[in-house]
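The lines below spell out each chain.
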Amino acid sequence: MDQLVEIGKGRTARRTYQLDDISIVPSRRTRSSKHVSTSWRLDAYAFDFPLVAHPTDAVVSPSTAAQLGKLGGLGVLNGEGLWARHQDVESLLAQVAEVAGGDADPRKAVRLLQELHSAPIRHELLAAAVRTVKDSGATTAVRVSPQHARELTPVLLEAGIDLLVIQGTIISAEHVTQDAAEPINLKTFIGELDVPVIAGGVSDYRTALHLMRTGAAGVIVGYGSTEGVTTSEDVLGIGVPMATAIADAAAARRDYLDETGGRYVHVIADGDIISSGQLAKAIACGADAAMLGVPFAAAAEAPGQGWYWPSAVAHPSVPRGAVAPVDVAEDEDRPTLEHVLFGPSEDPFGTTNLVGGLRRAMAKSGYSDIKEFQKVGLSVRV
């Protein structure tokens, strides 16, 4: 039963929890981290660790998506980002970094990104970016918004994507509109595709269950929020306490599994996860994988050149985010993608060697794989 608190006469609110509000409770046994598997599978695609790179130009370029694939992970390219609109993207990103680092007014970098995203999406550039990832042998995933899914999906299918990600700040299975254009019906749309679809973000049990019923292979929980970067709560008043949101989506997954007689939908947590401890707690709450932005933005190969921003920062009228520096040393000291994932690490805060930290958390708690670890005990800090 939900725990309600009174916030005023006749008005109650549900008590919810962030990942930092909870801790993992180890079991009666431990095991060697050498005997722990961090692998997971989404539909026909297997990965060595449960980490997905957030689809922002600050993190995922065609080359970084290819490199993440070689390392055993998944990078999601933003199908509406700069690689779909411009040819010389690296020089444009250098301009963003220069403006962000050279002016105290954070709005200038936001305005520049808005200007760059005002260029039309060019189908041939998007297809070329997809083929770059595809030719590397990596699992190829691309994010589109619900508004552009109809237009861009045929282009992506022709280019050879493996996974389609339909992601918005907030997404639902039912969208009410009075516009002349017919809103996308996700159940019909997904049912007509031959590739698995990941959809999100959501923050509650009911919306997660409805999205699962559309036929999605995975549901994204959260809005990619990161303290000091994404401002959806400031702009829209909407926030998601991740521990509760993940647990709610996991409950929806369990009920949908019973409802369908065995169809499993993966839960992917996206928000407030920047360390291996937070990653472990997200999976302990029920996530199958986590979508990360800031930790990957810290890597030397990241296209953001030491800066991070969510894709929603470029919205033409309601930007939801900021261009923020990633807390790393000079460029030559930035860790590689491989170090971010596997170490070795000199960082005592868990922001590098993410896979090693997760593996050790699982081992110390006595669990050998991701599915088992989702059953670990949890405690709440009151």
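Here the structure is a predicted model, which is why all the values come from computation and not from measurement. (Residues numbered from 1 in each chain as written. Predicted model: local features only at pLDDT ≥ 70, side-chain atom pairs only at ≥ 80, totals over all residues. Heavy atoms only, no water.)

Novice: I tried to follow the packing of aromatic side chains on my own but got confused; where do I start?
Specialist: The geometry of an aromatic ring pair is captured by the separation of the ring centres together with the interplanar angle, meaning the angle of the planes. Scanning the entire structure with this criterion turns up three aromatic pairs. On the basis of an interplanar angle of 80 degrees and a centroid distance of 5.6 Å, the ring pair of Phe49 and Phe342 is categorised as edge-to-face. Of this pair, Phe49 sits in the loop between β5 (45–47) and β6 (51–53) while Phe342 sits in helix α12 (residues 337–342), and the two are 293 residues apart along the sequence. Note on Phe49: relative accessible area 1%, which makes it buried. Classification of Phe342 as partly exposed rests on a relative accessible area of 34%. (Phe/Tyr/Trp six-rings, centres within 6.5 Å; stacked < 30°, edge-to-face > 60°. Helix = DSSP H or I, 4+ residues; strand = E, 2+ residues; numbered from the N terminus. Buried < 20%, exposed > 50% of the residue type's maximum accessible area, 1.4 Å probe, protein only.)

Novice: Just checking my understanding: could you explain the pairing of strand β10 (residues 197–202) for this structure?
Specialist: Looking along a regular strand, one sees the side chains alternate between the two faces of the sheet. Among the six residues of β10, six are classified as buried, and the element is accordingly described as predominantly covered. Where strand β9 (residues 163–167) lies against β10, four bridges are found, and the strand directions are parallel. The residue of β10 that forms the bridge with Leu164 is Val197. Note: β10 against strand β11 (residues 218–225), four bridges, orientation parallel. Following the sheet pairing, Ile198 is matched in β11 by Gly218. Running through helix α7 (residues 205–212), the crossover from β10 to the neighbouring parallel element β11 is right-handed. (Pairing = 2+ DSSP bridges. Right-handed = clockwise from strand over helix to strand, strands pointing away.)

Novice: Even after reading the chapter, I still don't get unusual backbone geometry, so can you show me in this structure?
Specialist: Residue Gly201 is bonded to the preceding Gly200 through a cis peptide linkage, with omega at 10 degrees. Mapping Gly201 onto the fold places it in strand β10. Following Gly343, the chain continues into Pro344 via a peptide bond in cis, with omega recorded as 5 degrees. Considering the arrangement of structural elements, one finds Pro344 in the loop between α12 and α13 (354–365). Unusually for a residue other than glycine, Asp272 sits at a positive phi of about 60 degrees. As for its position among the elements, Asp272 is in the loop between β12 (266–271) and α10 (276–284). Overall, Asp272 belongs to the partly exposed group, its relative accessible area being 24%. The phi angle at Gln305 is positive, at roughly 55 degrees, despite the residue not being glycine. With respect to the helices and strands, the residue Gln305 is situated in the loop between α11 (294–297) and β14 (307–308).

Novice: Would you explain helix α1 (residues 62–71) in this entry?
Specialist: Those residues of α1 that sit buried are Pro62, Thr64, Ala65, Ala66, Leu68 and Leu71. Check the buried side of α1 and you find it contacts β6, β7 (74–78), α4 (123–135), α11 and α12. Looking at the residues trailing α1, positive phi occurs at Gly72, about 110 degrees. (Contact = heavy atoms within 4.5 Å.)

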